[in-house]
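Survey of secondary and tertiary structure
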Amino acid sequence: MSRVCDLTGKRAMVGNNVSHAMNKTKRKFSVNLVKKRFYLPEEDRWITLRVAASTVKTINKNGIAAVLKKAQAGGFIK
């Protein structure tokens, strides 16, 4: 399973490890994903999503319904 946020589409970035001698080797910056259950009061059910930690903060701020609506408009969910 790929490490991609279900709501924002965030995925791993590629960069460099840089030593003191400025030698550069490729590395990956992974997304901080968490498996979290959210309650949808409109539908009276729970859903489980793999979302980034930053997305959980956004959900706490704006509400799950608003974030789901924006993700659907952005094409991340059907």
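Looking at an unreviewed UniProt entry, the protein carries the name Large ribosomal subunit protein bL28, with the source organism given as Flavobacterium alvei. Under the UniProt heading Sequence similarities (unreviewed entry), the note attached to the protein is "Belongs to the bacterial ribosomal protein bL28 family."

The next subject is the overall build of the protein. Of regular secondary structure, the protein possesses 2 helices and 4 strands. Listed by position from the N terminus, the elements making up the protein come as β-β-β-β-α-α. Against the globule reference of 12 Å for 78 residues, the protein gives a C-alpha radius of gyration of 16 Å, more extended than a compact globule. Oriented by its inertia axes, the alpha-carbon framework of the protein measures out at about 55 × 25 × 20 Å.

Right, let's talk about the packing of aromatic side chains for a bit. Summed over all chains, the structure comprises 1 aromatic pair. Each ring, one from Tyr39 and one from Trp46, has its centre 5.2 Å from the other, and the planes form 55 degrees; the classification is tilted. Over the face of the ring belonging to Phe38 we find Lys36, whose NZ or CZ atom lies 5.7 Å from the ring centre.

Right, let's get into the environment of Lys69. Relative to the elements of secondary structure, Lys69 occurs in helix α2 (residues 64-74). For Lys69, a relative accessible area of 63% translates into the label exposed.

With that settled, consider the nonpolar core. Core analysis: the largest hydrophobic core is formed by 16 residues, its most contacted members being Leu7, Phe38 and Val51. Elements that contribute at least two residues to this core include exactly β3 (33-40), β4 (45-52), α1 (53-62) and α2. When near neighbours in sequence (up to four residues on either side) are disregarded, Phe38 contacts Arg45, Trp46, Ile47, Leu49, Val51, Ile59 and Ile64.

Two elements, strand β1 (residues 13-18) and strand β2 (residues 24-29), share 6 bridges in a ladder whose sense is antiparallel. Following the sheet pairing, Met13 is matched in β2 by Phe29. Here β1 folds back onto β2, and the loop between the two strands holds 5 residues, one of which, Met22, carries a positive phi near 65 degrees.

What counts and what doesn't
Residues numbered from 1 in each chain as written. Predicted model: local features only at pLDDT ≥ 70, side-chain atom pairs only at ≥ 80, totals over all residues. Heavy atoms only, no water. UniProt positions renumbered as here; feature names shortened; annotations may be inferred. Helix = DSSP H or I, 4+ residues; strand = E, 2+ residues; numbered from the N terminus. Rg over C-alpha atoms; globule rule 2.2 N^0.38 Å. Phe/Tyr/Trp six-rings, centres within 6.5 Å; stacked < 30°, edge-to-face > 60°. Lys NZ or Arg CZ within 6 Å of the ring centre and 35° of its normal. Buried < 20%, exposed > 50% of the residue type's maximum accessible area, 1.4 Å probe, protein only. Core = buried A, V, L, I, M, F, W, Y, C linked by side-chain atoms within 4.5 Å. Contact = heavy atoms within 4.5 Å. Pairing = 2+ DSSP bridges.

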